[in-house]
Amino acid sequence: MEFKDYYQTLGVARDATVQDIKKAFRKLARKYHPDVSKEPDAQARMQELNEAYAVLSDTEKRAAYDQLGRGHRPGEEFRPPPDWDAGYEFSGRGFSPSEEAAYSDFFSELFGHTGGARGRYHTGGAEFRARGEDHHAKVLLELEDAFEGATRQISLRVPRLDPQGHVVVDTRTLNVRIPTGVHEGQIIRLAGQGSPGIGGGPTGDLLLEVHFRPHPRFRPDGRDLHLTLPVTPWEAALGTVIPVVLPSGSVKVRIPENAQSGRQLRVRGKGIPGSPAGDLLLEIQVVLPSADDPKARKLYEQMAREIPFDPRRNERA
Amino acid sequence: MRDDDILTGSLLDESWLTLEQIASACTVEPQWLARHIDEGLFPHTECVAGTWRITALHLRRARRMREIERVFDAEPELAALFADLLEEMDDLHARLRRAGLE
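Residues numbered from 1 in each chain as written. Chains lettered and ligands numbered in written order. Predicted model: local features only at pLDDT ≥ 70, side-chain atom pairs only at ≥ 80, totals over all residues. Heavy atoms only, no water.

**Q** Tell me what's going on with the interface of chain B and chain A, and back it up with residues and numbers.
**A** Facing 37 residues of chain B, the contacting portion of chain A comprises 37 residues. The largest per-residue losses of area from chain B upon contact with chain A belong to B:Leu7, B:Leu11 and B:Arg98, which jointly make up 22% of the total buried on that side. The salt bridge involving B:Asp73 is made with A:Arg26; its shortest N-O contact spans 2.6 Å. Applying the counting rule to chain B against chain A returns 17 residue pairs in polar contact (both at pLDDT 80 or more). Taken together, the elements giving at least two residues each to the side of chain B that touches chain A come down to β1 (6-8), β2 (10-11), α1 (19-26), α3 (56-72) and α4 (76-98) of chain B. Looking at the side of chain B that touches chain A element by element, the count peaks at 10 residues for α3(B). Broken down by class, the residue content of the side of chain B that touches chain A amounts to 16 nonpolar, eight polar and 13 charged. With two bridges connecting them, strand β4 (residues 187-190) of chain A and β2(B) associate as antiparallel partners. Along β2(B), the bridge assignment pairs A:Ile188 with B:Leu11. (Contact = heavy atoms within 4.5 Å. Buried area = accessible area lost by both parts, 1.4 Å probe. Salt bridge = Lys/Arg side-chain N within 4 Å of Asp/Glu carboxyl O. Polar contact = N/O pair within 3.5 Å; in protein donor to acceptor, adjacent residues only side chain to side chain. Helix = DSSP H or I, 4+ residues; strand = E, 2+ residues; numbered from the N terminus. Nonpolar A, V, L, I, M, F, W, Y, C, P; charged D, E, K, R; others polar. Pairing = 2+ DSSP bridges.)

**Q** So, the packing of helix α3 (residues 42-56) of chain A against helix α4 (residues 59-69) of chain A: which residues are in play, and what are the values?
**A** All names here are of chain A. Contact geometry for α3 and α4: axes closest at 6 Å, N-to-C directions at 100 degrees. Classified by the interaxial angle, the pair formed by α3 and α4 is roughly perpendicular. Residues Ala54, Val55 and Leu56 of α3 touch α4, and the partners they reach there are Lys61, Arg62 and Tyr65. (Axes fitted to C-alpha atoms, helices over the stretch in contact; angles between N-to-C directions. Parallel < 35°, antiparallel > 145°, perpendicular 65-115°, else oblique.)

**Q** Break down the nonpolar core for me, citing the residues and quoting the values.
**A** Core analysis: the largest hydrophobic core is formed by 40 residues, its most contacted members being A:Val182, A:Leu208, A:Val253, A:Ile255, A:Leu280 and A:Leu282. Beyond its immediate sequence surroundings of up to four residues, A:Val182 is in contact with A:Leu141, A:Ala146, A:Ile188, A:Val210, A:Phe212, A:Ile272 and B:Leu11. Core analysis: the next-biggest nonpolar cluster, separate from the first, contains 29 residues, A:Met1, A:Ala24, A:Tyr53 and A:Leu68 among them. (Core = buried A, V, L, I, M, F, W, Y, C linked by side-chain atoms within 4.5 Å. Buried < 20%, exposed > 50% of the residue type's maximum accessible area, 1.4 Å probe, protein only.)

**Q** Tell me about unusual backbone geometry, and name the residues and values.
**A** If a residue is not glycine, its phi is most likely negative; likewise, a peptide bond is most likely trans. Residue and element names in this part refer to chain A. With an omega of 5 degrees, the peptide bond between Ser275 and Pro276 qualifies as cis. For Pro276, the location among the structural elements is in the loop between β10 (264-267) and β11 (280-286). Positive phi, close to 60 degrees, is recorded for Asn258, a residue that is not glycine. For Asn258, the location among the structural elements is in the loop between β9 (250-255) and β10.

**Q** Let's hear about α4(A): which residues, and what values?
**A** All names here are of chain A. Three or more residues of α4 are buried, namely Lys61, Arg62, Ala64, Tyr65, Leu68 and Gly69. Relative to the axis of α4, the buried residues are bounded by an arc of 165 degrees and lie together on one face. Contact partners of the buried residues in α4: α1 (6-10), α2 (18-31), α3 and α6 (105-111). The backbone nitrogen of Glu60 lies 3.0 Å from a side-chain oxygen of the residue at the head of α4, namely Asp58. At the C-terminal side of α4, Gly71 shows a positive phi close to 85 degrees. (Arc of directions from axis to C-beta.)

**Q** Before we move on, can you summarise the sheet that holds β10(A) with the specific residues and values?
**A** All names here are of chain A. A sheet is described by the order of its strands in space; here four strands give the open sequence β6-β7-β11-β10, paired in mixed fashion. With one partner strand each, in any of the chains shown, β6 (218-221) and β10 form the two edges of the open sheet. Averaged over all pairs of adjacent strands, the angle between their axes in this sheet comes to 25 degrees, without regard to strand direction. Taken together, the four bridges between β6 and strand β7 (residues 224-231) define a ladder with antiparallel strand orientation. Its bridge partner being in β7, Asp221 is matched across the sheet by Asp224.

Written as structure tokens, this is what we have:
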């Protein structure tokens, strides 16, 4: 296990005041906030900051850490001596197994079982009863799965506390039926598949957040599907009926006369199925044939001569 | 794979849950959630006879607000304003993706 220098993580001196530590943490939290940060490792850095702040903002944990870490360098191999925490009373907030799982082994080894997780989650009182924790995971699906449903095998890394109160991570594999009609960002709730309850409390749930792999043609938006539809100039000008292949089946779409590039056509109920089903939104994109071909060039020249058309008329007015 | 090996879930935005279940799903304390709902900081929550219906957006909103309150000791209203702005940003990103620009 590597020693972690929490002072270095927050960029403060070892004798920094509580106010200095809070100020430094907030400054860095703003920089690495995963919702706004452009840094590629923002999520990981934010976790490091949270971990460092959880220790240095707590008087008792900080005192124990200072005593333990004296003379150690960051990254150096480290093993705490037995009963290193004797004489310290950790009365601060405990950490749930999922919070702890996000923190480093260093943190879990030192504080995972001290007045925190074990105190909170393994309270031996007869009346203590709590619902088990919910687990959250992302599931990556193909867009086609939303049309036809699917059964996906999902592997989850599940943190749990061992009898000594340390966090260990198990791998759990589940076969999950994906219902027809799911859409991006939706949550599939598997009741009773989270952590076991405590003292006879109910088991938590497993919450799977649905995400689609990028599709080469369709862009989903809720249950609506967006598609760019290339058409020829004569199809756009004269109108036509075009077959459009969908993730499940196909549909014939009437392109009205004089359709312009960028115009959007809505085909109701042909998006992702559901109640109500989403719509298919087609964005017309007029594609010109190349004028390299002599015959095409001749036709363009004929149009230039015979069709009085100026798309920049309004700009000159 | 046998049929009884396969788990079938329900969609969160089609399920009615207790406040405790919702708080657990949002990884916040039930009292925190109840207080914020009472103060109108979670728009579009539906409650019928003590059970609630929420969406994935509420989950993300709760986590964001809780984090901002914790890190910056922010007032709940300020955290809600921050969440509003992030949701606006999410919406703009979604529009860019729909337009094939992101």
